[in-house]
Amino acid sequence: MTTVILRTAARYLLPLMLLFSVFLVLRGHHEPGGGFVGGLVASSSVILYALASGVRDAAHLLRTDPRMLIGAGLLLALASGLLSFFGGQPFMTGQWVSLVLPGMGEIHVGTPLVFDVGVYLVVLGTVLTIILSLLEQ
Amino acid sequence: MNGYESTILQAALLAAALMLTAAFLLAFLRLIRGPSVPDRVVALDLVAVLVVAAVAVQCIAADQPVLFDAALVLALVAFLGTVAFARYVERSGRDD
């Protein structure tokens, strides 16, 4: 199953799908998208790489155990909720900051984005844990 | 958009929807009848491509640009499903 065509296609599709997953996460709060869909697209890109070049190469690509991603994502989501305690507000109250980036104008960044990144990592880790262990057999 | 252009657009959308329906029916026929597993896999891949086209048509008909992202995700992921099926077919052929 490691043909030249598939391996070459996977090499070009992997960055495209990862870029699209990041786009989905960043857009998620106000328009369709979000951490869950982004995580699914990102994990399917890694699964495509695993199908093309083998599970071992895909695990090497991640550089860490997929289960570490679950823990990191949960911690990140928890941290985004705890941030509101500093303002004396209830748990998970959204905190928003306005940033002025050169060339992009003013953008609003808030804790829901951090929470979405946490969801992204949890979904990525969960799906990859399941699929990679299934592919190994 | 003036009335003339909108008439052409409506006619094109209707024609596209009719042709897509015919293509769906033919692909499902192959999916049901297909004598071998690879025939069915190719039919499923064709159905996925047709769904991408149908979503794009609906995106124009409903004037909802957001729907286009669904077509984009589907086009990226449907390919993966076909690859996984191909792997399964290849592996089951080797075991026999």
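Whatever comes next refers back to the structure up there.
Right, let's walk through the structure included here. As the structure is a computational prediction, the values presented were derived from the model and not from experiment.

Here's the deal with the overall build of chain A
Along its length, chain A carries five helices and two strands. With respect to the three principal axes, the spread of C-alpha positions in chain A is 55 × 35 × 25 Å. Sequence-distant contacts in chain A: of pairs separated by 6 or more residues, those separated by 24 or more amount to 62%. Of the roughly 8000 Å² of accessible surface on chain A, 71% is carried by carbon and sulfur atoms. The centroid of the 6 positive side-chain charges in chain A is displaced by 13 Å from the centroid of its 6 negative side-chain charges.

What about the packing of aromatic side chains?
Residue and element names in this part refer to chain A. Scanning all chains against the criterion turns up two aromatic pairs over all chains. Where Phe-20 meets Phe-23, the ring centres are 5.7 Å apart and the plane angle is 35°; that geometry is what we call tilted. Pair noted here: Phe-20 and Phe-23 are both in helix α1 (residues 4-27), with a separation of three residues, about one helical turn. By relative accessible area, which is 10% here, Phe-20 ends up buried.

Re the pairing of strand β2 (residues 105-110) of chain A
All names here are of chain A. Across six bridges, strand β1 (residues 96-101) lies against β2 in antiparallel orientation. When the sheet's bridge partners are listed, Trp-96 is paired in β2 with Gly-110. The turn joining β1 and β2, which pair antiparallel and follow one another in sequence, is formed by three residues; a positive phi near 90° is taken by Gly-103.

Description of unusual backbone geometry
Positive phi is not limited to glycine here, since A:Arg63 has a value of about 65°. You can see A:Arg63 is positioned in the loop between α3 (55-62) and α4 (66-82). We note that B:Asp63 has phi near 55°; this positive angle belongs to a residue other than glycine. Relative to the elements of secondary structure, B:Asp63 occurs in the loop between α2 (37-61) and α3 (67-95).

Comments concerning the interface of chain B and chain A
Opposite the 14 residues of chain B that make contact, chain A presents 17 residues. Taking both sides of the interface into account, the surface hidden between chain B and chain A amounts to around 1400 Å²; carbon and sulfur atoms contribute 77%. Linking chain B to chain A there are one salt bridge. A salt bridge links B:Asp69 to A:Arg27, with the nearest nitrogen and oxygen atoms 2.6 Å apart. In this assembly, chain B and chain A are joined by one residue pair in polar contact (both at pLDDT 80 or more). By residue class, the composition of the side of chain B that touches chain A is ten nonpolar, no polar and four charged.

What counts, and where the lines are drawn
Residue numbers restart at each chain and count upward from 1, following the sequence in its written direction. Lettering of chains starts at A and numbering of ligands starts at 1, both following the order in which they are written. Predicted model: local features are reported for residues with pLDDT of at least 70 only, side-chain atom pairs are reported and counted for 80 or more only, and whole-chain, interface and lining totals are derived from all residues. Side-chain measures here rest on the full set of heavy atoms in the structure, leaving out hydrogens and waters. Here a strand is any run of E in DSSP of at least two residues, a helix any run of H or I of at least four, and the numbering for each starts at the N terminus. By definition in these notes, contact holds between two residues if any of their heavy atoms fall within 4.5 Å. Note on areas: these come from Shrake-Rupley sampling with a 1.4 Å probe, and a residue is covered only by the protein chains present in the view. For the purpose of charge, His is not counted, nor are the chain termini; Lys and Arg are scored as positive and Asp and Glu as negative. For charged residues, the charge sits on one atom: NZ in Lys, CZ in Arg, CG in Asp, CD in Glu. Each Phe, Tyr or Trp ring, with Trp reduced to its six-membered ring, pairs with another whose centre is within 6.5 Å; inter-plane angles below 30 degrees give stacked pairs, above 60 give edge-to-face pairs, and intermediate values give tilted ones. Any residue under 20% of the maximum accessible area for its type is buried, any over 50% is exposed, and the rest in between are partly exposed; the area is computed with a 1.4 Å probe on protein chains only. Two strands pair if DSSP finds at least two bridges between them. Throughout, the accessible surface (probe 1.4 Å) given up by two parts as they are put together, summed over both, is called the buried area. For this document, the term salt bridge refers to a Lys or Arg side-chain nitrogen within 4 Å of an Asp or Glu carboxyl oxygen. Within 3.5 Å is the distance limit for a polar contact, defined as a pair of N or O atoms, with the added protein rule that one can donate a hydrogen and the other accept it, and that residues adjacent in sequence qualify only through two side-chain atoms. We call Asp, Glu, Lys and Arg charged. Ala, Val, Leu, Ile, Met, Phe, Trp, Tyr, Cys and Pro are nonpolar, and the rest, Gly among them, are polar.

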